[in-house]
Amino acid sequence: MRIAITGSKGQLGTALQARLAAEELLPLDLPELDVTDAADVRRTLDAFRPDVVIHAAALTNVDQCELEPELAYRVNALGSQNVALACQRLGATMLYVSTDYVFDGSKGAPYVEYDPPAPLSIYARSKLAGEWATQTFAPRFYIVRTAWLYARGGRNFVETVLRLARERGSLSMVTDEAGSPTYAPDLAQAIARLLPTEQYGIYHFTNAGIASRFDWACEILRLAGLRHVPVTPSQGYKRPAPVPRLVELRNLCGESLGIVLRPWQEALRDYFEAAP
Ligand SMILES: NC(=O)c1ccc[n+]([C@@H]2O[C@H](COP(=O)([O-])OP(=O)(O)OC[C@H]3O[C@@H](n4cnc5c(N)ncnc54)[C@H](OP(=O)(O)O)[C@@H]3O)[C@@H](O)[C@H]2O)c1
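What you see is a predicted model, and the numbers here were worked out from it, not measured in a lab.

Cut-off values and rules
Residues numbered from 1 in each chain as written. Predicted model: local features only at pLDDT ≥ 70, side-chain atom pairs only at ≥ 80, totals over all residues. Near = placed C-beta within 6 Å. Helix = DSSP H or I, 4+ residues; strand = E, 2+ residues; numbered from the N terminus. Nonpolar A, V, L, I, M, F, W, Y, C, P; charged D, E, K, R; others polar. Expected span 1.5 Å × (residues − 1). Contact = placed C-beta atoms within 7 Å. Buried ≥ 20, exposed ≤ 12 C-beta atoms within 10 Å, placed from the backbone. Core = buried A, V, L, I, M, F, W, Y, C linked by C-beta atoms within 7 Å. Pairing = 2+ DSSP bridges. Axes fitted to C-alpha atoms, helices over the stretch in contact; angles between N-to-C directions.

**Re the site of the ligand**
- Taken together, 28 residues form the shell around the ligand, and within it G7, G10, Q11, A57 and A58 come nearest.
- If one sorts the elements of the shell around the ligand by residue count, helix 1 (residues 11–19) sits on top with three residues.
- When its residues are assigned to classes, the shell around the ligand shows 13 nonpolar, 11 polar and four charged.

**Describing helix 6 (residues 157–168)**
- In this model, helix 6 (12 residues) spans 16 Å end to end at C-alpha, consistent with the 16 Å of a helix rising 1.5 Å per residue.
- In the core, the buried residues of helix 6 are packed alongside strand 6 (149–150), strand 7 (171–174), helix 8 (213–223) and helix 10 (264–273).

**What about the environment of T182?**
- Examined against the element boundaries, T182 turns out to sit in strand 9 (residues 182–183).
- Of the residues examined, T182 has 26 C-beta atoms within 10 Å and is grouped as buried.
- For the pair T182 and V52, spaced 130 residues apart in sequence, the C-alpha to C-alpha distance is 23 Å.
- Each residue touching T182, except ones within four places of it in the same chain, is listed here: T146, A147, W148, L149, L187, T206 and N207.

**A short note on the nonpolar core**
- The biggest cluster of nonpolar side chains holds 82 residues, and the ones touching the most others in it are L12, L16, V53, I54, M94, A184 and I191.
- When residues in this core are grouped by element, the largest group, seven residues, is from helix 4 (residues 69–90).
- In this view, L16 contacts I5, I54, A56, A188 and I191; residues no more than four positions away in its chain are not counted.

**Some remarks on the sheet that holds strand 2 (residues 24–28)**
- Spatial strand order, 2-1-3-4-5-10: six strands in an open sheet with parallel pairing. Each of the sheet's edge strands pairs with one partner strand only, and the pair in question is strand 2 and strand 10 (201–204). Between one strand and the next, the sheet's axes are offset by a mean angle of 15°, whatever the strand orientation.
- The sheet contact formed by strand 1 (residues 2–6) and strand 2 spans five bridges and is parallel. Of the residues in strand 2, the one forming a bridge with I5 is P27.

Right under this line is the structure:
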């Protein structure tokens, strides 16, 4: 398969390149390709003629999106529309990577793929607009919603906890924000298994189980050998973007194909065992 990957320098993009190394890949990211530039997206993809475009590029800083809404919509919505339109012209399959934040967390039970979205933040709205563009323009599509991604070398919660533990010697972490920490290499593996199925549609791929930020930080410190660093439970962390208090994504559709991700604690152990 000829596969173009946007956001190729990011956490998921990097993991996808490792996982799909046997395929013919075109990695795309800033500054070489800006997905907001429709002409450049068209030229680049036309030249490669991909069978599949995995669109992982996004403005992923949720607070920045809240403060710069136009930029968020330009990158996450319009950028996705540009990719979807290029797929339409080329007859290519599109795989769009979306987020658990399209839900507001008020359901009180895990969200299945068919639950109606209710985004709280600009980031979430702009990512949902990317889903709409994908569904509207791509001739065949997968939408893969995921959550709380981390990988070696990325900008993520695991790296932040380790840095704060070193710098401050103690931490305060909220118990009232919960989700499913997801190891990018596990998500890349699930996507690699999904692509050849041709079972197009919406998927919920996260590592299994949920954790609060407090639970996750405690497990990170334990596995990093920093159990002595005290973590104080807190509530109501103030930040520019509103985020859901608890979203668990139920992987109903992936499960029917036998694509199931392992529990988040096992994946986190692998993260610490992987060579830095
Ligand atoms: N991270 C999470 O916790 C999380 C949770 C749920 C869903 N997701 C979704 O999963 C996908 C992958 O996330 P990730 O954690 O791998 O993200 P990431 O590490 O932030 O990587 C995103 C990549 O996209 C690039 N990018 C930003 N604007 C671009 C533009 N205009 N044109 C081309 N490339 C651009 C970024 O470049 P710069 O670094 O130079 O900006 C970065 O290399 C995203 O679609 C994200 O919305 C992420």
